[in-house]
Amino acid sequence: EGRIVTIFRTRLREDVGSEYADLAAQMAELACRQPGYVDHKTFTAEDGERVTVVTFAARASHDGWAGHPAHVRAQAAGRDRLYAAYTIQVAR
């Protein structure tokens, strides 16, 4: 099998306020406690695009995080209120 890497590219809406930072901190803390979590890093480009790279040890641990109820709620908040645009790429 092998490690699974998710590349998450986002652009925040201009009116987001502190909701994003609070939610991102909660999700980072929760992700670190998930079985198979390896690491994650977030980078912000000069034009405001954010890129987060998340690594899990195996597909099963990645899928467990993807389906975690709190993470699913955060994903919905991102789609509904926080992101002007986003893309997700998953690779082995």
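The following paragraphs examine the structure supplied in this document. (Residues numbered from 1 in each chain as written. Predicted model: local features only at pLDDT ≥ 70, side-chain atom pairs only at ≥ 80, totals over all residues. Heavy atoms only, no water.)

1. Some remarks on the sheet that holds strand β1 (residues 4–12)
- In space, the 4 strands of this open sheet follow the order β2-β3-β1-β4, with antiparallel pairing throughout. Each of the sheet's edge strands pairs with one partner strand only, and the pair in question is β2 (37–44) and β4 (83–91). Within this sheet the neighbouring strands show an average axis-to-axis angle of 15°, counted without direction.
- Each of β1 and β4 touches helix α3 (residues 69–82); the most contacted strand, β4, lies at about 145° to it. (Pairing = 2+ DSSP bridges. Helix = DSSP H or I, 4+ residues; strand = E, 2+ residues; numbered from the N terminus. Axes fitted to C-alpha atoms, helices over the stretch in contact; angles between N-to-C directions. Contact = heavy atoms within 4.5 Å.)

2. A look at the side chain of T55
- With respect to the helices and strands, T55 occurs in strand β3 (residues 50–56).
- Not counting chain neighbours up to four residues away, the residues in contact with T55 comprise R3, I4, V5, G36, Y37, V38 and D39.

All quantities given are derived from atomic positions and should not be read as evidence of function.
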